[in-house]
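Chain by chain, the residues:
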Amino acid sequence: MDRKTLYWTVLVLFLALSIGRLAIHLSRDDYEAATVWIALLIVVAICVVTVVVVLGRARGLASHVEKRRPGARVVPAFSTAETVDQARAAGASARKMMPMGGSPVALAVVGDVIEVWVGRETGPRWVVRRTPGGVRAASGTYGTRDVRAVLLSDGNTGVTVVPAYRPLRAMGGGATDDVDRALADRRAGLTGLTRR
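As the structure is a computational prediction, the values presented were derived from the model and not from experiment.

Chemist: How should I be thinking about helix α1 (residues 3-27) in this particular structure?
Modeler: Helix length check: α1, at 25 residues, gives a terminal C-alpha distance of 36 Å against a target of 36 Å (1.5 Å per residue), a fit within 8%. Three or more residues of α1 are buried, namely Leu11, Ser18, Leu22 and His25. Buried residues along α1 sit in contact with α2 (31-68). Positioned one or two residues after α1, aspartate 29 has a phi angle of 60 degrees, which is positive.

Chemist: Explain the nonpolar core to me, please; I cannot follow it from the model alone.
Modeler: Where a protein is soluble and globular, its nonpolar side chains tend to be buried together. Counting 21 residues, the largest nonpolar core has Leu107, Trp126, Leu152, Val159 and Val161 as the members making the most contacts within it. Counting residues per element, the ones that place at least two in this core are β1 (73-79), α3 (81-89), β2 (104-110), β3 (113-118), β4 (126-129), β6 (145-153) and β7 (158-163). Counting residues in each nonpolar core, the second largest holds eight residues, with Ala58, Phe78, Ala149 and Val162 among its members.

Here is what the cut-offs are and how they apply
Residues numbered from 1 in each chain as written. Predicted model: local features only at pLDDT ≥ 70, side-chain atom pairs only at ≥ 80, totals over all residues. Heavy atoms only, no water. Helix = DSSP H or I, 4+ residues; strand = E, 2+ residues; numbered from the N terminus. Expected span 1.5 Å × (residues − 1). Buried < 20%, exposed > 50% of the residue type's maximum accessible area, 1.4 Å probe, protein only. Contact = heavy atoms within 4.5 Å. Core = buried A, V, L, I, M, F, W, Y, C linked by side-chain atoms within 4.5 Å.

This is the structure we're talking about:
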């Protein structure tokens, strides 16, 4: 059983148990305990909706870029706090990018450049030229902590992102194996990052 199936199974079981416990407490006129279960269900619902929305935005952005750049290799990712500064340094807008990181971005490998896409725009925010040694592991700020990330730089412009081959894990900044995968793809002699 993969993690996604396990996650959804546990969530459904938890909701069924919670609804059952809520019904029992209400039938016994135990309104204090019922209130706790209602509050817990509301918190879980908010968390689930938030995760689904963010994951949908990340996947949707990658799909949008694939439609805009047919044949390009597209890597879904999440921004780091450094991404905002890098956008401004490249002369691009940082609009719709959270200053603490975590905004969905997509990297499109097109010819000799890597395009950085944010939101469903008609074109990339900025581009980074592909250069030898221009892709390396780096530390990025994601919320209040430092995480492993990938830095793409041509010496003038750059972007630091957390690759999201598996968006749920990357959303929390914990996809260190996605960073390793992106770097291994690069070291294997591929002409850019790949999405599988």
